[in-house]
Every structure is written in C-alpha cells, then in structure tokens.
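Inside the fold
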Amino acid sequence: MIEITLNIIKADVYKEVAKTTSYTGSKMMNDDEAYDRIFTTDEDRQMLERFWTEACNGATEEFKQFILEVSDPTGTDYEVTLELSSSFDKNLKSSIETSLFSYFVNSIISKWNKFANKGESESYATDAEAAMLDVRSKIFFKKKPNRIVPE
C-alpha cells in the first residue's frame, strides 16, 4: 500500500473565491449592484467558514474508504492522508491536489451564489462535482505493472 497526503490551504481557496466572485460581479451587465452583492469580502468570512467546513466534510466523505488521518475541518487547512493501492501512480498527486482545490473553490462559490447570484449557483455545483469525479478517477487509477523481460 502507498500513503499520500493531500493538502488544501484555506487561505488560497479564499483568495481564489474572492478573485472569482469579484470577476463575476464586475462582468454582470445591466446589474449595477452585482459587484457589491456577489464579491466576497472579509465581512462574509463567517458564512464562508461554514461553506469551507461543508466542503471539507464532502471531501472526507469521498475519501472515507482510504483515510488514515484527516484534519479538523474547522482548522486552517484541509489535510488528508490516504492509503492507496500499491499500483497507485504517485505522479498523479499534484494533479489530484489541483482538482481537489477546484472542488473546494467551486463548492464554496456554489453555496455562496445561492444567496448572492442564484443563476450561477448550479453551474458551480456542477463544476465542483466534476472536479471531485476527476479526483476519484485519479485515486482509483492503477498504473500498469512493469514487466521484466528476460535477457
């Protein structure tokens, strides 16, 4: 068996959420209040914390059959150590973390948009689901064994 540890930094997720919601709010045509309504600010942090915790719990649910250790969802980062098949391709770890990061960002924005921008909520939920499916497919991927060719 192989152990891998995945780490998602909450501050980086929040920066990406703020960047995305700012961009979305600034690009809304015919809605002068969109930017102020959609852009997440420090004042919104308490609500975002709840969404962060829900995203952590969602990821943990997906990983539960592999978990050796998982961080407290109310902490500063999400860190999970998984025990995977010895056929797991360790080269996929970085790609898994990238997709997991996207899951966190899209999940939080989806929940935020239920309040701030209802029309966009479902598309972000779909993107979050797709990112998690990508994570799962990589975790279950098994590299081909190396065949030893006799001389």
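To start, this report covers the structure provided alongside it. Bear in mind that the values here come from a model prediction, so they are computed numbers and not experimental data. Throughout this document, residue positions are counted from 1 along each chain, in the order its sequence is written. Whole-chain, interface and lining totals are the exception, using all residues; otherwise, since this is a predicted model, local features are given only for residues with pLDDT of at least 70 and side-chain atom pairs are given and counted only at 80 or more. Just so you know, side-chain values use all the structure's heavy atoms and leave hydrogens and water out.

This next bit is on the side chain of Ser-99. Topologically, Ser-99 is positioned in helix 4 (residues 93-116). Here Ser-99 falls in the buried class, since its relative accessible area comes to 9%. Whether two residues are in contact is decided by their heavy atoms: any pair within 4.5 Å suffices. In contact with Ser-99, not counting residues within four places along its chain, are Ala-131, Asp-134, Val-135 and Lys-138. Numbering goes from the N terminus for both helices and strands, where a helix is a DSSP run of H or I of at least four residues and a strand is a run of E of at least two. Exposure categories follow from relative accessible area, calculated using a 1.4 Å probe and restricted to protein chains: below 20% of the type maximum is buried, above 50% is exposed, and the middle band is partly exposed.

Time to look at the nonpolar core. Nonpolar side chains in soluble globular proteins tend to be buried together. Trp-52, Phe-63, Tyr-78, Leu-82, Leu-100, Tyr-103 and Phe-104 are the most contacted members of the largest nonpolar core, which totals 35 residues. Only strand 1 (2-9), helix 1 (10-27), helix 3 (45-63), strand 3 (77-84), helix 4 and helix 5 (118-140) provide two or more residues apiece to this core. With eight residues, the single largest contributor to this core is helix 4. Setting aside chain neighbours within four positions, we find Phe-63 in contact with Leu-6, Tyr-78, Val-80, Leu-82, Leu-100, Val-135 and Ile-139. Nine residue types can take part in a nonpolar core, namely buried Ala, Val, Leu, Ile, Met, Phe, Trp, Tyr and Cys, and a core is a set of them joined through side-chain atoms within 4.5 Å.

Oppositely charged side chains can pair when the atoms bearing their charge come close. Each salt bridge in this description consists of a side-chain nitrogen of Lys or Arg and a carboxyl oxygen of Asp or Glu lying within 4 Å of one another. Summed over the entire model, instances satisfying the criterion amount to eight salt bridges. Between Lys-19 and Glu-16 there is a salt bridge, and its shortest N-O distance comes to 3.2 Å. Pair noted here: Lys-19 and Glu-16 are both in helix 1, with a separation of three residues, about one helical turn. With relative accessibility at 25%, the residue Glu-16 sits in the partly exposed group. With a shortest N-O distance of 2.6 Å, Asp-134 and Lys-138 are connected by a salt bridge. Of this pair, Asp-134 and Lys-138 both sit in helix 5, four residues apart, which is roughly one turn of the helix. Taking the relative accessible area as the measure of exposure, Lys-138 reaches 14% and is therefore buried.

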